[in-house]
Amino acid sequence: MGKVRVRQESKKLFIDFRFDGQRFREQTLLDDNAKNRKQLELLLQRMEAKMLLGEFHYAEFFPNSSNLQKLKAHQPTVPNEQQDAAVLGTPLFNEFSEQWFEESKIQWRASHVRNVNSILDSSLKPAFGKKLVGDITKADILAFRAKLSRRKGRGATGLVSPKTINSHMTILRMVLDEAAERFDFETPYKNIKPLKLQKTHIEPFSLHEVHRIIDNVRPDYRNYYTVRFFTGMRTGEIDGLKWKNVDFAKREILVRETLINGETEYTKTDGSQREIPMFGQVYDALKTQYAATGRMSQYVFCNQLGQPLDHNNVTKRVWYPLLRSLGLSKRRPYQTRHTAATLFLASGENPEWVARMLGHSSTEMLFKVYSRYVPNATRMDGSAFERLLGNATSTKPEKEHRHETA
């Protein structure tokens, strides 16, 4: 007995049935609703009635179906590549990956759409494009991974990082798993585990170093780095922060968007949506910043044209020169987030609360990355961190302060 089913990613209906000892699926462009389901169920009834009478002709119902190849498997004089297609009834990887991408992208963020498209075009299609999806073997997959691992990249070894390799393999697995289900063959992507990732290297600044950086940075970036260091916001989150998401009355920053390639979009995950209290100097920094940019741009931190900051430009022209002038080791700006996390934990805040402030869905990542900074948990409301900042400010030697800002 056939079934009318729905594809979860596209919400389009398809028919799932058996004929001549084989399983077939025929896709449609019909939306999932009662009327369309009834229409396809009536079609199935007609098909099954003809099957019982031995009068069912596949091409009569589905004249343009690629499944017709399954029923022509014994035709002679077919060139090798076409013969493989006839036997397996599967399309080329190029064709199917395009179809899969078009059906799937509706559920992804714009940045993920770009990333998947890039992986398909730069890696997967060149490697598998001319192969039938049903012909791809586990050996082909492992050979592709080995070749990818030798490609030049931005990893610590100068090659593509394990994280990047895993991203490519995940897309390949998703395409092959979908093809296997749709064309009824066994996926070759079996028992292939992701590469083990290297432990995240963190090099946070001490609170003393944080104050040195804030005291000596260019005045037009002092508020920016104050907020970065004392909230733990990701680069995209702070660069994409808009005034509509700064609540001075409640003293909260509402993290709702992230900036990617000059455009704001939904945050990295649902868990990244959060409210961050304005600790220590953050409230004053944002008040001062509002006087500078509040009426010229929707973005809290922007250039003279009111456009969001270009983080690569800021890193090269402001961040790295500042570290050099202070005699501090070169570190990526993302270490400001690691610094906030370690200060939260070192002050005695509860790890679950810290995880929420950083936008993590659980404490797993927190303990994995910052385990040596976690003392006995005491508070879970930010008050311990607030006291830490207050004490550091009040006890800072005046003489040292004058020297550092000179």
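Once a new chain begins, its residue numbering starts again from 1 and follows that chain's sequence as written. The predicted nature of this model means local features are confined to residues of pLDDT at least 70 and side-chain atom pairs, given and counted, to a pLDDT of 80 or more, with totals for whole chains, interfaces and linings taken over all residues. Each side-chain value is derived from all of the structure's non-hydrogen atoms; neither hydrogens nor water enter the calculation.

Note on conventions: DSSP H or I runs of at least 4 residues are helices, E runs of at least 2 residues are strands, and numbering of each starts at the N terminus. Scanning the chain from terminus to terminus reveals 17 helices and 8 strands. Only protein chains enter the accessibility calculation, which uses a 1.4 Å probe; a residue whose area is less than 20% of its type maximum is buried, one above 50% is exposed, and one in between is partly exposed. Within the chain, the proportion of its 406 residues that are buried is 45%. Calculation of accessible area relied on Shrake-Rupley with a 1.4 Å probe; when residues are assessed, cover is drawn exclusively from the protein chains displayed. Of the roughly 22500 Å² of accessible surface on the chain, a fraction of 50% belongs to carbon and sulfur atoms.

A few words on helix α5 (residues 110–128). Helix length check: α5, at 19 residues, gives a terminal C-alpha distance of 25 Å against a target of 27 Å (1.5 Å per residue), a fit within 8%. For α5, the principal kink sits at L120 and spans about 40°. Inspection of α5 places S111, V113, V116, I119, L120, S123, L124, K125 and F128 among the buried residues, and these make up the whole buried set. Here the buried face of α5 lies against α4 (93–104), α6 (138–149), α7 (162–183), β6 (257–260) and β7 (263–266). A helix is expected to reach a length of 1.5 Å times the quantity of its residues less one. Note that the bend at a residue is defined as the angle between axes fitted to the seven residues ending at it and the seven residues starting at it. Note on definitions: a residue-residue contact is assigned when non-hydrogen atoms from the two residues lie within 4.5 Å.

One side chain can pair with another of opposite charge once the charged atoms of both are near each other. Salt bridges are counted wherever a side-chain nitrogen of Lys or Arg sits within 4 Å of a carboxyl oxygen of Asp or Glu. Evaluation of the coordinates by the stated rule reveals 23 salt bridges. By sharing partners, the salt bridges in this structure join R7, E9, E103, E178 and R182 into a single network.

With that out of the way, let us pick up empty space enclosed by the protein. Buriedness of a pocket was judged along seven lines, with at least five required to meet protein on both sides within 12 Å; pockets are open sets of points on a 1 Å grid over the protein atoms alone, cavities are sets where a 1.4 Å probe fits but cannot get out, and lining residues have an atom within 4 Å of a point. Grid points are joined across faces, edges and corners, and a volume is the space filled by probe spheres set on the points. This structure, assessed with the given rule, holds 1 cavity of 30 Å³ or more. In this structure, the largest cavity spans a volume of roughly 30 Å³. Taken together, M233, E237, G240, L241, N245, L254, V255, R256 and E257 make up the full set of residues lining the largest cavity. Its residues assigned to classes, the lining of the largest cavity shows 4 nonpolar, 2 polar and 3 charged. Throughout this entry, Asp, Glu, Lys and Arg are counted as charged residues, while Ala, Val, Leu, Ile, Met, Phe, Trp, Tyr, Cys and Pro are counted as nonpolar. The remaining residues, Gly among them, count as polar.

Quick look at the pairing of β7 now. Only strands joined by at least two bridges in the DSSP assignment are considered to pair. Relative to β7, β6 is paired through 4 bridges, and the arrangement is antiparallel. Within β7, the residue paired with E257 across the bridge is Y266. The turn joining β6 and β7, which pair antiparallel and follow one another in sequence, is formed by 2 residues; a positive phi near 55° is taken by N261.

Once that is clear, we can look at helix α13 (residues 335–346). Helix length check: α13 (12 residues) gives 16 Å between terminal C-alpha atoms against 16 Å at 1.5 Å per residue, within 8%. A large share of α13 lies buried, amounting to 11 of its 12 residues. Residue G348 follows α13 closely and has a positive phi angle near 105°.

Okay, the pairing of strand β1 (residues 3–6) next. Looking at chain direction, β1 and strand β2 (residues 12–19) are connected through 4 bridges and run antiparallel. Bridged to R5 within β2 is F14.

We now examine the confidence of the model for the chain. Caution applies to low-pLDDT regions: their predicted coordinates should not be interpreted in detail. Note on scores: pLDDT gives the predictor's confidence for each residue, bounded by 0 and 100. Per-residue confidence for the chain gives a mean pLDDT of 85, with 88% of residues at or over 70. In this model, residues 74–88 is a region of pLDDT below 50 whose contacts with residues beyond four sequence positions or in other chains number 16 contacts. Low pLDDT (under 50) marks residues 398–406, which in the prediction has 10 contacts with non-local residues, meaning those over four places away or in another chain.

Relative to the assigned elements, S371 resides in the loop between α15 (364–370) and α16 (383–394). Spatially, the C-alpha atom of S371 lies 9.5 Å from that of T342, the residues being 29 residues apart in sequence.

Turning our attention to the environment of V160. Mapped onto the elements of the fold, V160 is located in the loop between α6 and α7. C-alpha of V160 to C-alpha of L148: the two residues are 12 residues apart in sequence and 7.3 Å apart in space. Residues in contact with V160, not counting those within four places in the same chain, are L148, R151, K152, G153 and I165.

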